[in-house]
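Below, each chain spelled out in residue letters.
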Amino acid sequence: MEFFYLPEEISNLTAVLMIAVSLLCSFISAAAGIGGGLMMLAFLSALLPPMYLVPIHGIIQFGSNFFRATLSFKEINKQAVIPFVIGCLCLLYTSPSPR
């Protein structure tokens, strides 16, 4: 039984390398405040087929940003977040779905 599913185009070594680069880019982003995500996107574009590049980068960025938000939850301005979430949900509801 495999630990996680990987498409045929992505080897186990590539997956481990992506995890290591994700950690490195997170450290760079934490230290410099910017640039980790873009550096990771450039690295992933050398390893992944274009079909997988954007979804995998999006998942990694979501996880990184979600973890950062949980660490600094007290500093989040809830008054600004509520209208943003309402707007996102309205746009999600009214946007046409791809078929």
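Residues numbered from 1 in each chain as written. Predicted model: local features only at pLDDT ≥ 70, side-chain atom pairs only at ≥ 80, totals over all residues. Heavy atoms only, no water.

Draft legend 1. Structural context of the overall build of the chain. From N to C terminus, the chain includes 4 helices and 0 strands. In sequence order, the secondary structure elements of the chain are arranged as α-α-α-α. The C-alpha atoms of the chain give 17 Å as radius of gyration, which overshoots the globular expectation for 99 residues (13 Å, by more than 25%). Along the first, second and third principal axes, the C-alpha set of the chain runs to 45 × 40 × 30 Å. Per element, the accessible surface of the chain, about 8100 Å² overall, is 74% carbon and sulfur. (Helix = DSSP H or I, 4+ residues; strand = E, 2+ residues; numbered from the N terminus. Rg over C-alpha atoms; globule rule 2.2 N^0.38 Å. Areas by Shrake-Rupley, 256 points an atom, 1.4 Å probe, with all protein chains shown as cover.)

Draft legend 2. Just helix α3 (residues 50–71), in detail. The terminal C-alpha atoms of α3 lie 32 Å apart, and with 22 residues this matches the ideal 32 Å at 1.5 Å per residue to within 8%. Of the residues making up α3, those classed as buried are Y52, L53 and H57. Down the axis of α3, the sector holding all buried residues measures 120°, keeping them to one side. In α3, those exposed residues whose orientation departs by more than 90 degrees from the buried face are M51, V54, I59, F62 and F66. Summarising the contacts, the buried residues of α3 are in contact with α2 (36–47). (Expected span 1.5 Å × (residues − 1). Buried < 20%, exposed > 50% of the residue type's maximum accessible area, 1.4 Å probe, protein only. Arc of directions from axis to C-beta. Contact = heavy atoms within 4.5 Å.)

Draft legend 3. Summary view of the packing of aromatic side chains. This structure, assessed with the given rule, holds 1 aromatic pair. Where F62 meets F66, the ring centres are 6.0 Å apart and the plane angle is 20°; that geometry is what we call stacked. Here F66 and F62 lie together in helix α3, a separation of 4 residues that amounts to about one turn. Comparing F62 with F66, the two get one shared label, exposed. In this structure, K78 is placed above the aromatic ring of F73, and the distance from its NZ or CZ to the ring centre is 4.2 Å. (Phe/Tyr/Trp six-rings, centres within 6.5 Å; stacked < 30°, edge-to-face > 60°. Lys NZ or Arg CZ within 6 Å of the ring centre and 35° of its normal.)

So yeah, pure geometry; function would need other evidence.
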